[in-house]
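This is what each chain is made of:
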Amino acid sequence: LESGVSFASTYPGTPSSEIGDILAKIARRAGIYFEFSVNEKVALEVSAAAAAAGLRSFVFMKHVGLNVAADALMSTVYTGVRGGMIVLSADDPSMHSSQNEQDNRMMGQFSGIPVLEPSNPQEIKDFMKYGFQISEQFGIPVLLRTTTRVSHMRAIVQLEQIEIGKKEIFFQKEETRFNVAPSNARILRQLLVEKHRRLENEADTSPLNRMIHHSGSKTDSKIGIIASGASYNYIMDIINDYPIEVHVLKLGLSYPFPRNLVKKFLQDIDRVIVVEEVEPIIEKEVLALLGQIGWNKKVYGKIDGTLPRIYEYHPDILLEAFIQIFNLDFSKEREIKLDVSPPLRPPVLCPGCPHRATIYAIKKAVKKLKIKDQDVIYSNDIGCYTLAMQPPYHMADYCICMGSSIGIASGLNKVTKQRVISLIGDSTFFHSGLPPLINAIHQKTNIMVVILDNRITAMTGGQPNPSIPINGWGNETPAVSIEQLVKAAGAGYVQVVDPTNIKEATKVFQEGLLYQGVSVIISRSPCIMLKQKEEGKLVYRIRQEKCNRCQICLKKFNCPAIFKKEDGSININPLLCTGCGVCVQVCPLGAIEVSQ
């Protein structure tokens, strides 16, 4: 808001989702156009268009989302922008909620986009404003890279004057600039290289890159540390707690690499440790610089094995490295720490989640058709339903990225006689499921596609998707019908079922499995989080005199509200029960009833 942003867009993805949740609430009052786009590529394209017209735009996504947007990103860096444009990538070291640990600073190098690495909330705000300034100064989008710890950090932030952005602008045509036909792209490539020469000078003098000297008593001053992002916080924690004399170079604008600044920093340093999360990007630049100059200085980091190559860091990891590198004894200064690990608590589908009913009905349909477990392959996707991989379901034999389940199912169908079932969510289907569905139909595959439509983008916190009419998010938009899209694509068997009706859902899944061709079943029931808690809601119990302890409800349906007591009896926790009533249909003896 202080930067005068006019346009913002996203596809939700943890750890970036909360940004959109807030913008959706305040955008209209703040005079900003904001949208939840159908996927990250579209989100980047609409923001790039706004910036090309001359408005300041902001697009944000999780790190793997930038893969989806990569095609548009590469060319947008070539064409450049008129208004400032920030692309925020929320990276996820340690993969807390992601399928890989990629470091999107490499995407910065790959595309040629400048990379900013804030370490705390104040810097995120300040770097955002700086990013818009250099974006407009050099006519290029800027990548703002956060990591999970920085994304979820909270702190007091010093605010400044809000600048109201423009709402509308006239797009000035330039024949060659925004058209990447090969003849134009060759010219744009030359201009991009020239921009980088100037950006290198900017990096050398940027206020985001600064040297810090810390005085102590246990080491000499010939030791240097280069750090960026969250790693800088851990370094400062250590050197503030322990008597170390060391020089620190904090890189906030890490790409283009500030060669002259780093050279100046290393001039009087004998040994340097490079601290960065995930990939040794800065470390490689330091080694290359030393080799080019011909300086013989020891570099510690990931490449020599001093620091781990994978997962996020924390102060204890870095402190152990310091002790090893500098041969220090901090036994007196270090506090006694108890090594107490919390119990593992794997994620589970919520009590009352309609996905559980869908999964159970599919399993039941497979069993009724007497298909052996090894003769059916489950191609799963990214969403809450990915949890079907866990026992007792074991329904995620192949899962790699958003929207991949249908394409994977199509490929498997061509190479095996096993029956293939594809599971995909409503938001994921709109994100990237429609093209592979069209391909599956066109290539005459024989698969069953189950679209789990819970009327929300649940996994990332409850954002809307195109199947839901929006009213109150700042935009009033119509719903797009999944069944109409599927029928228009040419699917031969299309049905909509309510998964909480186990008997009817099982029957439809059986028909879908028997159909020769592409069958699509839309399993539609609202996410339990959408249902408001009402007074007098139904809560269920198990009548112990009727229960024979077969444990079907516990072991096959696996609702978290159902549990086994020490005496062997099966019970329902009234605090967890959401009153969905599906367990009533699961019990073969009718032992589950409404609690009086």
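Residues numbered from 1 in each chain as written. Predicted model: local features only at pLDDT ≥ 70, side-chain atom pairs only at ≥ 80, totals over all residues. Heavy atoms only, no water.

Caption draft 1: Expanded view of the sheet that holds strand S10 (residues 253-255). The strand order across the open sheet formed by 7 strands is S2-S1-S3-S4-S6-S5-S10, and the pairing between neighbours is mixed. The sheet is open, and its two edges are formed by strand S2 (33-36) and S10, each paired on a single side. Here 4 bridges tie strand S1 (residues 7-10) to strand S3 (residues 57-62), and the two strands are oriented parallel to one another. By the bridge assignment, Ala8 is partnered in S3 with Phe58. (Pairing = 2+ DSSP bridges. Helix = DSSP H or I, 4+ residues; strand = E, 2+ residues; numbered from the N terminus.)

Caption draft 2: Examining the pairing of strand S14 (residues 419-425) more closely. For S14, the buried fraction is high: 7 of the 7 residues fall into the buried class. The alternating pattern of S14 places Arg419, Ile421, Leu423 and Gly425 on one face and Val420, Ser422 and Ile424 on the opposite face, and all of these are buried. Bridge count between strand S13 (residues 376-379) and S14: 4 bridges; the pairing is parallel. Residue pairing for S14: Tyr378 is matched across the bridge by Ile421. For the crossover that starts at S13, traverses helix H14 (residues 404-415) and ends in the parallel S14, the hand is right-handed. As defined by bridge partners, S14 adjoins strand S15 (residues 447-453) across 5 bridges and the pair is classed as parallel. (Buried < 20%, exposed > 50% of the residue type's maximum accessible area, 1.4 Å probe, protein only. Right-handed = clockwise from strand over helix to strand, strands pointing away.)

Caption draft 3: The arrangement of the side chain of Thr146 in detail. Here Thr146 is to be found in strand S6 (residues 142-146). Given the relative accessible area of 3%, Thr146 is considered buried. For Thr146, the side chain forms a polar contact with the side chain of Ser151, separated by 2.9 Å. (Polar contact = N/O pair within 3.5 Å; in protein donor to acceptor, adjacent residues only side chain to side chain.)

Caption draft 4: Region of interest: the sheet that holds strand S17 (residues 518-524). Overall, parallel pairing links the 5 strands, which are arranged S13-S14-S15-S17-S16 in an open sheet. Edge positions in the open sheet fall to S13 and strand S16 (493-497), since each of these has one partner strand only. Averaged over neighbouring strand pairs, the angle between their axes works out to 20° when direction is ignored. Examined bridge by bridge, S16 and S17 share 5 bridges and lie parallel to one another. (Axes fitted to C-alpha atoms, helices over the stretch in contact; angles between N-to-C directions.)

Caption draft 5: Fine view of the state of the cysteines. Inspection of every chain in the model, using the stated rule, returns 0 disulfides. Cys583 provides the cysteine sulfur closest to Cys577, a residue in no disulfide bond, and the two sulfurs are 6.3 Å apart. Taking the relative accessible area as the measure of exposure, Cys577 reaches 7% and is therefore buried. This cysteine, Cys583, is not joined by any disulfide, and Cys580 carries the nearest cysteine sulfur, 5.9 Å off. Owing to a relative accessible area of 7%, Cys583 belongs among the buried residues under this scheme. (Disulfide = S-S within 2.5 Å.)

Caption draft 6: Representation of the pattern of salt bridges. According to the stated counting rule, one finds 27 salt bridges in the structure shown. Ionic pairing is found between Glu2 and Lys125, a salt bridge with its closest N-O pair at 2.7 Å. With Glu2 in the segment before S1 and Lys125 in helix H6 (residues 121-138), this pair connects stretches of sequence that are 123 residues apart. The burial state of Glu2 is the same as that of Lys125; both residues are buried. (Salt bridge = Lys/Arg side-chain N within 4 Å of Asp/Glu carboxyl O.)

Caption draft 7: Up close: the packing of aromatic side chains. In the structure shown here, the tally under the stated rule is 8 aromatic pairs. Look at Tyr493 and Tyr515: their rings are 5.9 Å apart centre to centre, the planes differ by 35°, and that puts the pair in the tilted class. Residue Tyr493 is found in strand S16, and its partner Tyr515 is found in the loop between helix H17 (502-514) and S17; the two are separated by 22 residues along the sequence. What makes Tyr493 buried here is its relative accessible area of 13%. (Phe/Tyr/Trp six-rings, centres within 6.5 Å; stacked < 30°, edge-to-face > 60°.)

Caption draft 8: Spotlight on the layout of surface pockets. There is about 1,200 Å³ of room inside the second largest pocket. Around the second largest pocket sit 32 residues that line it, and Ile19, Ile22, Pro121, Ile124 and Lys125 are the ones nearest its centre. Looking at the lining of the second largest pocket, the elements with two or more residues in it are helix H1 (17-30), strand S4 (85-90), H6 and helix H7 (148-151). Examining the composition of the lining of the second largest pocket, we find that 6 residues originate from one element, H6, more than from any other. Considering only residue class, the lining of the second largest pocket consists of 22 nonpolar, 5 polar and 5 charged. (1 Å grid on protein atoms, 1.4 Å probe; cavity = no way out; pocket = protein on both sides within 12 Å on 5 of 7 lines; lining within 4 Å. Points joined across faces, edges and corners; volume = space filled by probe spheres on them. Nonpolar A, V, L, I, M, F, W, Y, C, P; charged D, E, K, R; others polar.)

Caption draft 9: Up close: the nonpolar core. Core analysis: the largest hydrophobic core is formed by 78 residues, its most contacted members being Leu44, Phe58, Ile235, Val275 and Phe322. When neighbours within four sequence positions are excluded, Ile235 is seen to be in contact with Ile225, Ala227, Val248, Val275, Leu318 and Phe322. Counting 48 residues, the second largest nonpolar core, distinct from the first, contains Leu437, Ile451, Leu452 and Ile521. (Core = buried A, V, L, I, M, F, W, Y, C linked by side-chain atoms within 4.5 Å. Contact = heavy atoms within 4.5 Å.)

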